Amino acid sequence: MSDIHDVLIIGSGPAGLTAAIYCARASLSPLVLEGEPSSTSDQPGGQLMLTTEVENFPGFPEGVMGPDLMMRFREQAQRFGAETRFEKVSRVDLSIRPFQVWVGDPDAAEPTYRAHSLIVATGAQSLMLGLDRERELLGHGVSTCATCDGFFFRGHTVAVVGGGDSAVEEATFLTKFADKVVLIHRRDELRASKIMQDRAFANPKLEMLWNHEVVEVEGDTKLSGVKVRNTQSGEVTDLAVTGLFVAIGHRPNTDLFRGQLALDDEGYLVTGPGTATDVAGVFAAGDVQDHTYKQAITAAGSGCMAALDAEKWLEANVHV
Ligand code: NAP
């Protein structure tokens, strides 16, 4: 039975790698399946790999580049014996103990790995508009996180896309920094809650651009503006902004677990108490189970919790 891992961690963002640091220091020899570098949606290292400067991660008073921060997480996990592999999980079977995990051909008769406990830290993706250059300019004017990047736009004119609570909340937050915030919505009414709408409409720095959609993102190395189309007349005009915040929703990376772990209405893993899922021995951490906070530091915190929960569970159920 020596090929059975005590803890297998799926995902290598702040949650997965923090779980790996704690599991490794508890002598659980965790294996981290990091994902594949070629993947654009759930890349190894998580969403911080798509950002530039991170100024709100405690312990880095001068700020740190997102990818550098993730390299440090990874090195720290490896230093204590965590094994990390650039492999993407294609299937799991959580109905069998030890749990079974496939990499590559999901129809292969034998699983690639077996593990007594799993920590799921597969993260979430910000939905994007799907425009050319949008991803290239992420971290260079295009952002999916006002909390993370708003500070860089002091005195600028920025736009936010979307009409839900996220967009209205982000637009309102950005007025603390930007001189002007244009909220671009494809319809003529918001989906956001009434109280947030009222707050937004009363904000003199926030301007609504109804019935418009962004059709082009412009700029060579950083964003210089966007083209917007009136959804009713079809007219295309230029909007000079240096920041574009895309706030059209998130999608948790939970396809692998559909039908095996409890998901809520929006597809996030349901956890509790602590980081436990509804399958004993399977724990979840980070954005894959977090609707609300979605920060690197909160993901790291829940990764620590998942490691402690897994360690305790292994002591009570496997290492008895
Ligand atoms: P959401 O409610 O799904 O809203 C997404 C918005 O983006 C909608 O207005 C939608 O337009 C627009 N949209 C979607 N695809 C688009 C596209 N391709 N191009 C342009 N616009 C597009 O997502 P969310 O705002 O992220 O909120 C998700 C959940 O979290 C909601 O339940 C929300 O209430 C909650 N939340 C709560 C708070 C809070 O209470 N403080 C803060 C944030 C989020 P249409 O309206 O035309 O469909």
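Everything below is about the structure printed above this text.
These remarks concern the structure in this document.

About the thresholds
Residues numbered from 1 in each chain as written. Predicted model: local features only at pLDDT ≥ 70, side-chain atom pairs only at ≥ 80, totals over all residues. Heavy atoms only, no water. Phe/Tyr/Trp six-rings, centres within 6.5 Å; stacked < 30°, edge-to-face > 60°. Buried < 20%, exposed > 50% of the residue type's maximum accessible area, 1.4 Å probe, protein only. Helix = DSSP H or I, 4+ residues; strand = E, 2+ residues; numbered from the N terminus. Near = heavy atom within 4 Å. Polar contact = N/O pair within 3.5 Å; in protein donor to acceptor, adjacent residues only side chain to side chain. Areas by Shrake-Rupley, 256 points an atom, 1.4 Å probe, with all protein chains shown as cover. Nonpolar A, V, L, I, M, F, W, Y, C, P; charged D, E, K, R; others polar. 1 Å grid on protein atoms, 1.4 Å probe; cavity = no way out; pocket = protein on both sides within 12 Å on 5 of 7 lines; lining within 4 Å. Points joined across faces, edges and corners; volume = space filled by probe spheres on them. Disulfide = S-S within 2.5 Å. Pairing = 2+ DSSP bridges. Right-handed = clockwise from strand over helix to strand, strands pointing away.

### With respect to the packing of aromatic side chains
This structure, assessed with the given rule, holds six aromatic pairs. Each ring, one from Phe 57 and one from Phe 60, has its centre 6.2 Å from the other, and the planes form 55°; the classification is tilted. The same class applies to Phe 57 as to Phe 60, namely buried. With centroids separated by 6.1 Å and ring planes inclined at 75°, the aromatic side chains of Phe 151 and Phe 177 adopt a geometry described as edge-to-face. Here Phe 177 lies in the loop between helix H4 (165-174) and strand E12 (180-184) and Phe 151 lies in the loop between helix H3 (146-149) and strand E11 (157-161), a separation of 26 residues in the sequence. On the basis of relative accessibility, which here comes to 45%, the residue Phe 151 falls in the partly exposed class. The exposure class assigned to Phe 177 is buried, which follows from its relative accessible area of 14%.

### Concerning the site of the ligand
Residues in contact with the ligand amount to 14 residues; listed here are only the nearest, Asp 165, Ser 166, Glu 169, Arg 187 and Arg 191. In the model, a nitrogen atom of the ligand is placed 2.8 Å from a nitrogen or oxygen of the Glu 169 side chain. Protein chains bury 65% of the 920 Å² of accessible surface belonging to the ligand in isolation. When grouped by side-chain class, the residues that make up the shell around the ligand number two nonpolar, six polar and six charged.

### Points about empty space enclosed by the protein
A full pass over the atoms with the stated rule returns one cavity of 30 Å³ or more. Estimated volume of the largest cavity: approximately 50 Å³. Taken together, Ser 126, Leu 127, Thr 144, Ser 166, Glu 170, Val 246, Ala 247, Ile 248, Gly 249 and His 250 form the lining of the largest cavity. Across the lining of the largest cavity, the residue classes tally to four nonpolar, five polar and one charged.

### Re the state of the cysteines
Enumeration according to the criterion identifies one disulfide in this entry. In this model Cys 23 remains outside any disulfide bridge; the closest cysteine sulfur is found in Cys 304, 9.7 Å from its own. Given a relative accessible area of 16%, Cys 304 falls into the buried group.

### What about the pairing of E11?
Counted residue by residue, E11 has four buried out of five residues, so it is predominantly covered. The pairing of E11 with E12 spans five bridges and is classified as parallel. By the bridge assignment for E12, Thr 157 is matched with Lys 180. On the question of chirality, the crossover connecting E11 to the parallel E12 by way of H4 is right-handed. Of the strand pairs in this sheet, E11 and strand E17 (residues 243-246) are connected by four bridges, and their pairing is parallel. Residue pairing in the sheet places Ala 159 in a bridge with Leu 244 of E17.

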